[in-house]
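The residues making up each chain are set out below.
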Amino acid sequence: MALVQKIEDIEAEIARTQVNKATMSHLCQLRAKVAKYKREILADPKGGGGGPGEGFDVRATGDARVGFVGFPSVGKSTLLTSLTDVQSEAASYEFTTLTCIPGIKFWKGAKMQLLDLPGIIEGARDGKGRGRQGIAVART
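Treat the numbers as computed from the prediction; the structure is a model and nothing was measured.

Rules and cut-offs
- Residues numbered from 1 in each chain as written.
- Predicted model: local features only at pLDDT ≥ 70, side-chain atom pairs only at ≥ 80, totals over all residues.
- Heavy atoms only, no water.
- Pairing = 2+ DSSP bridges.
- Helix = DSSP H or I, 4+ residues; strand = E, 2+ residues; numbered from the N terminus.
- Axes fitted to C-alpha atoms, helices over the stretch in contact; angles between N-to-C directions.
- Expected span 1.5 Å × (residues − 1).
- Buried < 20%, exposed > 50% of the residue type's maximum accessible area, 1.4 Å probe, protein only.
- Arc of directions from axis to C-beta.
- Contact = heavy atoms within 4.5 Å.
- Core = buried A, V, L, I, M, F, W, Y, C linked by side-chain atoms within 4.5 Å.

Trainee: I'd love a proper account of the sheet that holds strand β3 (residues 110–116), names of residues and values included.
Mentor: Strand order across the open sheet formed by 3 strands is β1-β3-β2, with mixed pairing between neighbours. Two strands close off the open sheet at either side, each with one partner strand: β1 (64–68) and β2 (101–107). The mean angle between the axes of side-by-side strands here comes to 25 degrees, regardless of whether they run parallel or antiparallel. Bridging between β2 and β3 involves 7 bridges; their strand directions are antiparallel. When the bridges of β3 are listed, I101 appears paired with D116.

Spelled out as structure tokens, the structure:
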């Protein structure tokens, strides 16, 4: 059943339920479900889920994989540029890095993949500032 259909069914049940002390808890639970389904529709307009973000699908290479995670404008791109041959753009404004930028570092015979990720801000787990994609890359 589609989310829109679930919302319509719940709203129909809310409309036919009499409001009194005995039914108030039930009505509140129904309204909470409607709010949850509406958030899901707004958060993911495509209807799919869990797919890789544009520019964040980086194949793992080497012996180790290190992701630079932190707040915006703290030097993640500068660190990647200084450790590898990759030129990661760095500027004085936030969110210069919008996608995952990979670099390779050879150290004592080991090949390490270094990943420059966009800055993590408050609300990243809710998708602010490409947070979900950055967190997903950091977890892998």
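This is not the end of the story, as more comes after the structure.
Trainee: Help me get a handle on helix α1 (residues 3–16), residues and values and all.
Mentor: When the terminal C-alpha atoms of α1 are compared, their 20 Å separation across 14 residues agrees well with the 20 Å that a helix rising 1.5 Å per residue should span. When α1 is considered as a whole, its buried residues turn out to be I7, I10 and I14. In an axial view of α1, the angular spread of the buried residues amounts to 70 degrees, which keeps them on one side of the axis. Exposed residues on α1 whose side chains face more than 90 degrees from its buried face are A15 and R16.

Trainee: Got a sec to walk through the environment of F71? Specific residues and values, please.
Mentor: Residue placement: F71 occurs in the loop between β1 and α3 (76–83). Residue classification places F71 among the exposed positions, given a relative accessible area of 61%. With 47 residues separating them along the chain, F71 and P118 place their C-alpha atoms 8.3 Å apart. Here F71 is in contact with K76, G119 and I120, once residues within four sequence places are set aside.

Trainee: Explain unusual backbone geometry residue by residue, including any values.
Mentor: Positive phi values are uncommon outside glycine, yet K108 reaches one of about 50 degrees. Along the chain, the position of K108 falls in the loop between β2 and β3.

Trainee: Run through the nonpolar core, naming residues and quoting values.
Mentor: Residues I7, I10, I14, L27, L30, V34 and Y37 constitute the largest nonpolar core, which totals 7 residues. Mapped by element, the contributors of at least two residues to this core are α1 and α2 (24–43). Here this core gets 4 residues from one element, more than from any other, and that element is α2.

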